[in-house]
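So you can see what is in the structure, the chains are spelled out below.
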Amino acid sequence: PETAPDGALQLGVAENQMLEDLLVPSLTKFGQAQDFLADCIYYQPTHGRPALREAFCNYLQRTLNLNHKTLDPEGLVLGAGCNAVLENLCISLTEPGDAVMIPTPYYAAFEFDLVARASLQILPVNTFECSGAIIGDEAVPIPVQAYFPTKASLNKTLIQARNNGLTPRVLLISHPNNPLGISYPPSVMKDCIDWCRDNHIHLISDEIYAGSVYVEEEANFVSALELAGPSLGDYVHLVYALSKDFALSGLRVGACYSENMHIRLPMQKLNDLGQISSQTQVLVQEMMTAKDDNGGFWTDSFLQENHKRIRNRNERWQATLDQCGIPYLKANSGLFVWMDFSQFLEPIDPAEDQQESMEKRERTLYLQLMNEYGLLFTPGLSMRNERPGFFRCVFTAASDEEYELSLKRLVHFVNVKKQG
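Quantities reported herein were computed from a predicted structural model and do not represent experimental measurements.

> I'm lost on the packing of aromatic side chains in this one. Help?
We describe a pair of aromatic rings using the distance from one ring centre to the other and the angle between the two ring planes. Taken as a whole, this structure holds 22 aromatic pairs when the rule is applied. Residues tyrosine 107 and phenylalanine 110 carry aromatic rings whose centres are separated by 5.1 Å and whose planes lie at 90° to one another, so their mutual orientation is edge-to-face. Between the aromatic rings of phenylalanine 377 and phenylalanine 391, the centroid separation amounts to 6.5 Å while the plane-to-plane angle is 55°, which identifies the pairing as tilted. Of this pair, phenylalanine 377 sits in the loop between β10 (375–376) and β11 (378–379) while phenylalanine 391 sits in strand β12 (residues 390–394), placing them 14 residues apart in sequence. Note on phenylalanine 377: relative accessible area 2%, which makes it buried. Every member of this aromatic cluster is reached through a ring pair, and the members are Trp317, Phe341, Phe344, Tyr373, Phe377, Phe391, Tyr403 and Phe413. Above the face of the phenylalanine 297 ring, lysine 291 is positioned so that its terminal group lies 5.1 Å from the ring centre. In this arrangement the basic side chain of arginine 313 is found over the ring face of tyrosine 403, its NZ or CZ atom lying 4.5 Å from the centre.

Right, dumping it as structure tokens:
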């Protein structure tokens with residue numbers, strides 16, 4: 001605000017800027033809780049210190065509400081961020097050139113994280129056609145059910161891939177979903193699990209936002225680990241990290257859980273290149289085991305307060321969208337709202353190629369929002385959305401002052417468009 005008052009507000013990076021007042025004092029306290037441990041100066045177990053893996057499993061047990069599943073600390077690998085453990089997991093499950101299926105729209109960086117070194121092919125799973133939802137033209141809002149992967153959409157993508165000489169090995173599900181800001185219904189996740197087992201394809205449930213389900217009664221979030229049964233078998237895996245729910249992206253703490261014994265040793269060896277430092281592990285262990293003033297776990301009370309703050313911001317953002325007449329998916333999980341700005345796209349040019357026209361029209365609107373109105377959102381086509389004009393807003397990515405300004409800029413944008 002001081003150096004560039006007219007600059008664009010960054011509402012596209014999935015970070016939570018609302019928690020410094022809670023985190024900094026607590027982390028300072030946790031870091032001072034004990035003297036430097038002598039064994040921290042030596043090599044560590046490649047998959048994480050035993051005490052931290054046990055504490056992390058206990059935390060996941062509570063946060064994921066695992067009532068029919070007990071986690072085994074030996075199945076947990078702790079590495080330097082979610083992208084690191086996800087890459088290692090996919091390397092362990094695939095061969096170079098194999099394919100990873102991902103329902104659209106999806107986190108754009110998957111296309112780098114799983115391609116740059118793992119050499120995998122990304123297969124977008126388009127869901128609209130097989131969803132059973134009624135989908136009209138660009139002027140009609142798209143119902144949430146249209147985004148749910150079904151066995152029909154998975155089968156269609158699988159057949160097309162095999163016809164093109166590709167071998168799908170993994171179905172990667174973001175649950176809660178980034179960028180949609182929702183959790184998939186348990187029936188959808190169970191269908192995905194069953195389909196993967198039937199087709200001998202590995203399901204990876206990326207549940208990095210599992211602790212940011214802030215409207216639980218609407219989200220109905222159920223972890224893939226709970227739905228998969230007491231035994232996960234070889235085909236169900238989970239990745240998680242502290243980057244989102246705890247706003248600790250700088251600590252680089254990711255986790256992978258699997259009960260596939262064939263990849264346990266490979267995962268541990270690969271993680272040798274991406275371990276978490278011993279001191280960070282000690283700090284996180286202290287955080288995971290700390291108690292609050294009421295005798296409960298500090299992590300649980302922290303997440304409860306975080307939910308209140310996320311929910312408050314989301315409700316105000318969605319109320320402004322309602323005021324402006326902008327359709328959106330009603331969010332209940334994660335840090336974002338999926339918005340439909342297609343009414344502001346330039347008219348379709350029938351002389352242009354359809355795909356080129358989609359990209360051109362959306363990019364024109366994206367640049368206009370950023371350069372003329374100071375609003376930087378993530379464009380939907382960069383996340384392989386099936387329609388142009390959709391944007392992801394990370395409403396937690398701004399300070400309180402920036403957030404208030406973003407609401408005003410959004411209203412101003414709409415007012416100008418409607419007057420024009």
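> Can you help me understand the sheet that holds β12 in this one?
Read across the sheet, three strands follow the order β9-β12-β11 without closing on themselves; strand pairing throughout is antiparallel. One side of each edge strand has no neighbouring strand; the edge strands of this open sheet are β9 (336–340) and β11. The pairing of β9 with β12 spans five bridges and is classified as antiparallel. Looking at β12, one finds that aspartate 340 is bridged to phenylalanine 390.

> How should I be thinking about the nonpolar core in this particular structure?
Among soluble globular proteins, nonpolar side chains are generally buried collectively. Counting residues in hydrophobic clusters, the biggest one holds 71 residues, and the most contacted among them are Phe56, Leu171, Leu203, Leu225, Leu242, Phe246 and Met287. Other than its neighbours up to four places away in sequence, methionine 287 contacts Leu27, Phe30, Leu242, Phe246, Leu248, Trp298 and Thr299. Membership of the second largest hydrophobic core comes to 63 residues, among which are Ala14, Ile102, Leu114 and Ile122.

> Explain unusual backbone geometry to me, please; I cannot follow it from the model alone.
Both trends apply: most residues other than glycine have a negative phi, and most peptide bonds are in trans. Of note, the bond from threonine 104 into proline 105 is cis; its omega dihedral lies within 30 degrees of zero at -10°. Structurally, proline 105 is set in the loop between β3 (99–103) and α4 (110–113). Histidine 175 connects to proline 176 through a cis peptide bond whose omega is 0°. Inspection of the secondary structure assignment puts proline 176 in the loop between β5 (168–174) and α6 (186–199). If you check the backbone angles, histidine 200 has positive phi at about 55° while not being a glycine. Considering the arrangement of structural elements, one finds histidine 200 in the loop between α6 and β6 (202–206). Assessed through its relative accessible area of 53%, histidine 200 is described here as exposed. In this model, arginine 252 sits at a positive phi of 60°, which is unusual for a non-glycine residue.

> Just checking my understanding: could you explain the packing of helix α3 (residues 82–93) against helix α9 (residues 261–270) for this structure?
Angle between the axes and distance between the axes: these two values describe a pair of packed helices. The geometry of α3 relative to α9 is characterised by a closest axis approach of 9 Å and an angle of 135° between their N-to-C directions. As summarised for this structure, α3 and α9 are arranged oblique, according to the angle between their axes. The handedness of the crossing between α3 and α9 comes out as right-handed. On α9, the residues touching Val85, Asn88, Leu89, Ile91, Ser92 and Leu93 of α3 are Ile263, Pro266, Met267 and Leu270. Among the residues making up the contact of α3 with α9, the classes are represented as eight nonpolar, two polar and no charged.

> I'm lost on the pattern of salt bridges in this one. Help?
If the charged atoms of two oppositely charged side chains come close together, the side chains can form a pair. Tallied over the full model, the rule gives 17 salt bridges. For arginine 117, the salt bridge is made with glutamate 87, and the minimal N-O distance between the two is 2.6 Å. Of this pair, arginine 117 sits in the loop between α4 and β4 (121–125) while glutamate 87 sits in helix α3, and the two are 30 residues apart along the sequence. Judged by relative accessible area, which is 66%, arginine 117 ranks as exposed. Relative accessible area serves as the criterion here: at 7%, glutamate 87 is assigned to the buried category. Three or more residues are tied together by salt bridges with common partners; here these are Asp21, Glu305 and Arg309.

Scoring rules and cut-offs
Residues numbered from 1 in each chain as written. Predicted model: local features only at pLDDT ≥ 70, side-chain atom pairs only at ≥ 80, totals over all residues. Heavy atoms only, no water. Phe/Tyr/Trp six-rings, centres within 6.5 Å; stacked < 30°, edge-to-face > 60°. Helix = DSSP H or I, 4+ residues; strand = E, 2+ residues; numbered from the N terminus. Buried < 20%, exposed > 50% of the residue type's maximum accessible area, 1.4 Å probe, protein only. Lys NZ or Arg CZ within 6 Å of the ring centre and 35° of its normal. Pairing = 2+ DSSP bridges. Core = buried A, V, L, I, M, F, W, Y, C linked by side-chain atoms within 4.5 Å. Contact = heavy atoms within 4.5 Å. Axes fitted to C-alpha atoms, helices over the stretch in contact; angles between N-to-C directions. Parallel < 35°, antiparallel > 145°, perpendicular 65-115°, else oblique. Left-handed = near helix turned anticlockwise from the far one by under 90°. Nonpolar A, V, L, I, M, F, W, Y, C, P; charged D, E, K, R; others polar. Salt bridge = Lys/Arg side-chain N within 4 Å of Asp/Glu carboxyl O.

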